[in-house]
Amino acid sequence: MQRGKARQAGGEARDIAQAVLAWYDREKRELPWRTEANEQPDPYRIWLSEIMLQQTTIKAVLPRYAGFLRRWPDIEALAGAELGEVLAAWAGLGYYARARNLHACARAVAEQHGGRFPASEAGLRQLPGIGDYTAAAIASIAFGLRATPVDGNIERVVARLFAVTTPLPAAKSKIRALAETLTPAARHGDFAQGLMDLGATICTPRRPACGLCPLRPECRGLAEGLAEALPYREEKVARPVRRGAAFVAIRSDGAVLLRERPLRGLLGGMLEAPSSPWGEAEPNGNSLRDHAPLKAKWLKVPGRVEHIFTHFHLELSVYRAEVGRDAVPKRAAMPECCRFVARRDLAGAALPSVMRKILSHAFEAEAKAAKRSSPAVRASTAPPRARRRSA
Ligand code: SF4
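Residues numbered from 1 in each chain as written. Predicted model: local features only at pLDDT ≥ 70, side-chain atom pairs only at ≥ 80, totals over all residues.

Undergrad: What is the right way to look at the overall build of the protein chain in this model?
TA: Each helix and strand counted, the protein chain has 15 helices and 6 strands in total. Taking 391 residues into account, the globule formula puts the C-alpha radius of gyration at 21 Å, and the protein chain, at 28 Å, lies well above it. The buried share among the 391 residues of the protein chain stands at 32%. Within the protein chain, residue pairs in contact and separated by at least 24 positions form 69% of the contacts whose partners lie at least 6 positions apart. (Helix = DSSP H or I, 4+ residues; strand = E, 2+ residues; numbered from the N terminus. Rg over C-alpha atoms; globule rule 2.2 N^0.38 Å. Buried ≥ 20, exposed ≤ 12 C-beta atoms within 10 Å, placed from the backbone. Contact = placed C-beta atoms within 7 Å.)

Undergrad: For this particular structure, what's the right way to read the pairing of strand S2 (residues 256-260)?
TA: The pairing of S2 with strand S6 (residues 338-341) spans 4 bridges and is antiparallel. By the bridge assignment, Arg259 is partnered in S6 with Cys338. Of the strand pairs in this sheet, S2 and strand S3 (residues 271-272) are connected by 2 bridges, and their pairing is antiparallel. Looking across to S3, one finds that Arg259 is bridged to Glu272. (Pairing = 2+ DSSP bridges.)

Undergrad: Please explain the nonpolar core as it appears in this structure.
TA: One recurring pattern in soluble globular proteins: nonpolar side chains tend to sit buried together. Among the nonpolar cores identified, the biggest contains 88 residues, and Ile138, Val248, Val318 and Ile358 are the most heavily contacted of them. Top element by residues in this core is helix H8 (residues 132-143). It accounts for 7 residues. There are two domains that each give this core at least three residues, and those are domain 1 (2-223) and domain 2 (241-376). Among residues more than four places away in sequence, those in contact with Val318 are Ala246, Val248, Val301, Val305, Ile358, His361 and Ala362. (Core = buried A, V, L, I, M, F, W, Y, C linked by C-beta atoms within 7 Å. Domains from an automatic or database assignment.)

Undergrad: Even after reading the chapter, I still don't get helix H9 (residues 152-161), so can you show me in this structure?
TA: Structural remark: α-helix, 3.6 residues per turn; residues separated by three or four positions point the same way. Of all 10 residues making up H9, 8 are buried, and the element is well covered by its neighbours. Restricting attention to buried positions, one finds in H9 the residues Ile154, Glu155, Arg156, Val157, Val158, Ala159, Arg160 and Leu161. If you follow the buried residues of H9, they end up packed against helix H10 (172-182), helix H11 (188-201) and helix H12 (220-223). Positive backbone phi, at 50°, marks Ala163, one or two positions downstream of H9.

Undergrad: Just checking my understanding: could you explain the environment of Ala139 for this structure?
TA: Considering the arrangement of structural elements, one finds Ala139 in helix H8. Excluding its chain neighbours within four sequence positions, the residues that come into contact with Ala139 are Ser120, Glu121, Leu124, Leu145 and Ala147.

Undergrad: Any chance you could explain the site of the ligand here in plain terms?
TA: As a structural note, the neighbourhood of the ligand is formed by 14 residues, with Cys203, Cys210, Cys213, Cys219 and Ala227 the closest of them. Elements with a minimum of two residues in the shell around the ligand: H9 and H12. Per element, the largest residue contribution to the shell around the ligand is 3 residues, and it comes from H9. The class makeup of the residues in the shell around the ligand is 11 nonpolar, 1 polar and 2 charged. (Near = placed C-beta within 6 Å. Nonpolar A, V, L, I, M, F, W, Y, C, P; charged D, E, K, R; others polar.)

Undergrad: Teacher, can you tell me more about the domain arrangement of the protein chain here?
TA: Buried accessible area, meaning the area lost when the parts come together, often serves as the stated size of an interface. On domain assignment, one finds that the protein chain holds domain 1 (2-223) and domain 2 (241-376). Computed over C-alpha atoms only, the centres of domain 1 and domain 2 are separated by 39 Å. Contacts between domain 1 and domain 2 engage 10 residues on the former and 10 residues on the latter. Counting only elements with at least two residues in the side of domain 1 that touches domain 2, the list comes to helix H5 (83-90) and helix H6 (97-112). Counting residues per element, the side of domain 1 that touches domain 2 draws most heavily on H5, which supplies 4 residues. Along the lines of polarity and charge, the residues of the side of domain 1 that touches domain 2 split into 6 nonpolar, 3 polar and 1 charged.

Undergrad: Whenever I open this one, the packing of H8 against H11 confuses me. Can you help?
TA: When two helices pack together, their arrangement is given by the angle between the helix axes and the distance between those axes. One can describe the packing of H8 onto H11 by two numbers: an axis separation of 6 Å at closest approach and a directional angle of 125°. With respect to their mutual orientation, H8 and H11 come out oblique. Judged by the sense of rotation from one axis to the other, the crossing of H8 with H11 is left-handed. Each of Ala137, Ser140 and Ile141 in H8 lies in contact with H11, whose residues at this interface are His188, Gly189, Ala192 and Gln193. (Axes fitted to C-alpha atoms, helices over the stretch in contact; angles between N-to-C directions. Parallel < 35°, antiparallel > 145°, perpendicular 65-115°, else oblique. Left-handed = near helix turned anticlockwise from the far one by under 90°.)

Undergrad: Sorry if this is basic, but what is going on with unusual backbone geometry here?
TA: Note: most peptide bonds trans; most residues except glycine with negative phi. The step from Leu168 to Pro169 runs through a cis peptide bond, and the omega angle for that step is 5°. For Pro169, the location among the structural elements is in the loop between H9 and H10. Here the residue pair Leu230 and Pro231 is connected by a cis peptide bond, since its omega of -5° sits within 30 degrees of zero. Turning to its location among the elements, Pro231 is positioned in the loop between H12 and strand S1 (241-251). A positive phi is found at Gln55, a non-glycine position, where the angle reads about 70°. Residue placement: Gln55 occurs in the loop between helix H2 (43-53) and helix H3 (58-71). The phi dihedral of Leu267 falls on the positive side, at around 55°, and the residue is not glycine.

Undergrad: Would you explain the environment of Trp23 in this entry?
TA: Looking at the element boundaries, Trp23 is found in helix H1 (residues 2-27). Take Trp23: there are 19 C-beta atoms within 10 Å of it, and that puts it in the partly exposed class. Sequence spacing of Trp23 and Leu215 is 192 residues, and the spatial spacing of their C-alpha atoms is 9.6 Å. For Trp23, the residues in contact, after removing those within four places along its chain, are Gly194, Leu198 and Pro214.

Written as structure tokens, this is what we have:
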């Protein structure tokens, strides 16, 4: 009896895998890191795409992926780059630990593995920035090994297919075990990518297109009327709010004072507008002056800059000061890790999104102040002179 049930489940899993592969052959998305059936996948390209796609949409990744490949076409080229260059090229993609690990991983592969990625899940997991999911994705897609990557898309498809009602994240291990039962005997990479595409285009978080889905006959979530509701999630705790003050010193030639953040920790190695520590209360009075990077006439910019990080919500007041070219006297030391960066170089600098928001908030205030003090505006807002009486 038990054996009969197992055989039935095995047959069902085979049907599901075949349906996914047949659908993938017809409908797969054309993506620059994908290869045709007769081509050998390039582990460097697969790895680069997988790291970039963590927490980031395909739309945002495509231009960056192309830019990275143009600049660093192989692992040796990326390993030879400076970390600052990689961080600057990554700026705006967020989750900057990925960029630091990308660089560290390229160096590890170049120096310890002769420029070749290890061809096993266990070997890949030893490299910086490669966890369980990425190791399984590279192993199956780049090396054709039997491995089961489970990303957010696959998690959703499997939870619905098997009507898993345990909420996430508690359901993760169950979903992974169920996904493993589906992995076919061959075409492991295509199967994984087929499930990813199915989750991204048909079994979407809202309004899944079940009518177009190749898994419709086997889908228990659909049969039980739970398709759109699954996967359930435990309620999230509200993010705490952190506050602080950021200081934008603008030199008379337009250059801006920026500071390099410590390599370890949030936004590590990226550039920032110097700021106070981010805590529960915003600094004021003396403590505010203590955190300013230079002595200057700091003006508070109206409004605030807000940014959402994974674990907290940040609210920053922005202070702006115009400083002369001698803001840092020749003999005095520049504030630690700080340097002035020319305005034209800001676009290519390693500035994360939150810092770009701070700078544009300060620049808007600067532009308004310049407009107020321009002679034409002064003349138009000056009270009209008394008319001379004609003789
Ligand atoms: S039938 Fe609907 S819910 Fe089930 S896997 Fe397909 S799209 Fe998802």
